[in-house]
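# Structural description and commentary
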Amino acid sequence: LFMLAMKGPSREAFKKAIDACAEANMIHLEAMANERYASFLSNEKDMALANDHITSSYWLYQDWGAHAKALQLSQQYDFLKHSRRKVAKSLTLSNATSDKSLTFFNTTFKSSKKILANR
């Protein structure tokens, strides 16, 4: 979807690409998609939304470990030096998945204990 957004850029194409990258826990692609979407939005003169996506991209690059890329962005966009951290979609989805797995594990463990206790 990211490549499709690059071939035929539109707001909807970039949103779908970013969401797909987040769902797949592909932090690096989510960062790149946010950065490219910000560029697209800048060309459309939607600076507020462009800045939001650059900020998301910056933090995603940090999470991925691409500190040199994050530094490059902070040098290019002064507002990033004072930006507040936003939780990446991929990290939010990852935590939600982990919570579900933990709940499943705890339920299974408790059920196993009950079964063994009744023997």
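I will try to describe carefully the structure that is included in this document. (Residues numbered from 1 in each chain as written. Predicted model: local features only at pLDDT ≥ 70, side-chain atom pairs only at ≥ 80, totals over all residues. Heavy atoms only, no water.)

It is worth spelling out the overall build of the protein at this point. A tally of helices and strands in the protein yields six helices and zero strands. Walking the protein from its N terminus toward its C terminus, one meets helices and strands in the order α-α-α-α-α-α. When contacts within the protein are restricted to residue pairs at least 6 apart in sequence, long-range pairs at least 24 apart make up 54% of them. Approximately 8,000 Å² of the protein is accessible, and the part contributed by carbon and sulfur atoms is 58%. (Helix = DSSP H or I, 4+ residues; strand = E, 2+ residues; numbered from the N terminus. Contact = heavy atoms within 4.5 Å. Areas by Shrake-Rupley, 256 points an atom, 1.4 Å probe, with all protein chains shown as cover.)

Here the focus is the side chain of Glu35. Along the chain, Glu35 falls in helix 3 (residues 27-43). There is a polar contact of 2.6 Å between the side chain of Glu35 and the side chain of Tyr61. Beyond its immediate sequence surroundings of up to four residues, Glu35 is in contact with Ile54, Ser57, Tyr61, Lys69 and Leu73. (Polar contact = N/O pair within 3.5 Å; in protein donor to acceptor, adjacent residues only side chain to side chain.)

Now for the packing of helix 2 (residues 11-23) against helix 3. Where helix 2 contacts helix 3, the two axes come as close as 8 Å, and the packing angle between them is 165 degrees. Comparing the axis directions of helix 2 and helix 3 gives the class roughly antiparallel. The hand of the helix 2/helix 3 crossing is left-handed. Contact with helix 2, carried on its side by Arg11, Phe14, Lys15, Ile18, Cys21 and Ala22, involves Leu29, Glu30, Ala33, Asn34, Arg36, Tyr37, Phe40 and Leu41 of helix 3 and no other residues of that element. (Axes fitted to C-alpha atoms, helices over the stretch in contact; angles between N-to-C directions. Parallel < 35°, antiparallel > 145°, perpendicular 65-115°, else oblique. Left-handed = near helix turned anticlockwise from the far one by under 90°.)

Turning our eyes to something else, we now look at the nonpolar core. Tyr37, Tyr58, Tyr61 and Leu73 are the most contacted members of the largest nonpolar core, which totals 19 residues. If you tally residues by element for this core, the top one is helix 3, at seven residues. Filtering out sequence-adjacent residues up to four positions away, Tyr61 remains in contact with Ala31, Met32, Glu35, Ala66, His67, Lys69, Ala70 and Leu73. (Core = buried A, V, L, I, M, F, W, Y, C linked by side-chain atoms within 4.5 Å. Buried < 20%, exposed > 50% of the residue type's maximum accessible area, 1.4 Å probe, protein only.)

Structural remark: α-helix, 3.6 residues per turn; residues separated by three or four positions point the same way. For helix 4 (residues 47-64), with 18 residues, the first-to-last C-alpha span of 25 Å sits near the 26 Å given by 1.5 Å per residue. Among all positions in helix 4, only Ala50, His53, Ile54, Thr55, Ser57, Tyr58, Trp59, Leu60 and Tyr61 are buried. Gly65 sits one or two positions beyond helix 4 and adopts a positive phi of about 100 degrees. (Expected span 1.5 Å × (residues − 1).)

Once that is clear, we can look at helix 3. Taking 1.5 Å of rise per residue, 17 residues should cover 24 Å, and helix 3 covers 24 Å from first to last C-alpha, within 8% of that figure. Ile27, Glu30, Ala31, Ala33, Asn34, Glu35, Tyr37, Ala38, Phe40 and Leu41 are the residues of helix 3 that are buried. Immediately downstream of helix 3, the backbone of Lys45 shows phi near 65 degrees, a positive value.

With that settled, the discussion passes to the environment of Asp63. For Asp63, the location among the structural elements is in helix 4. Through-space distance from the C-alpha of Asp63 to that of His28 is 8.8 Å; in sequence the pair is 35 residues apart.

Honestly, it's all geometry; don't read function into it.
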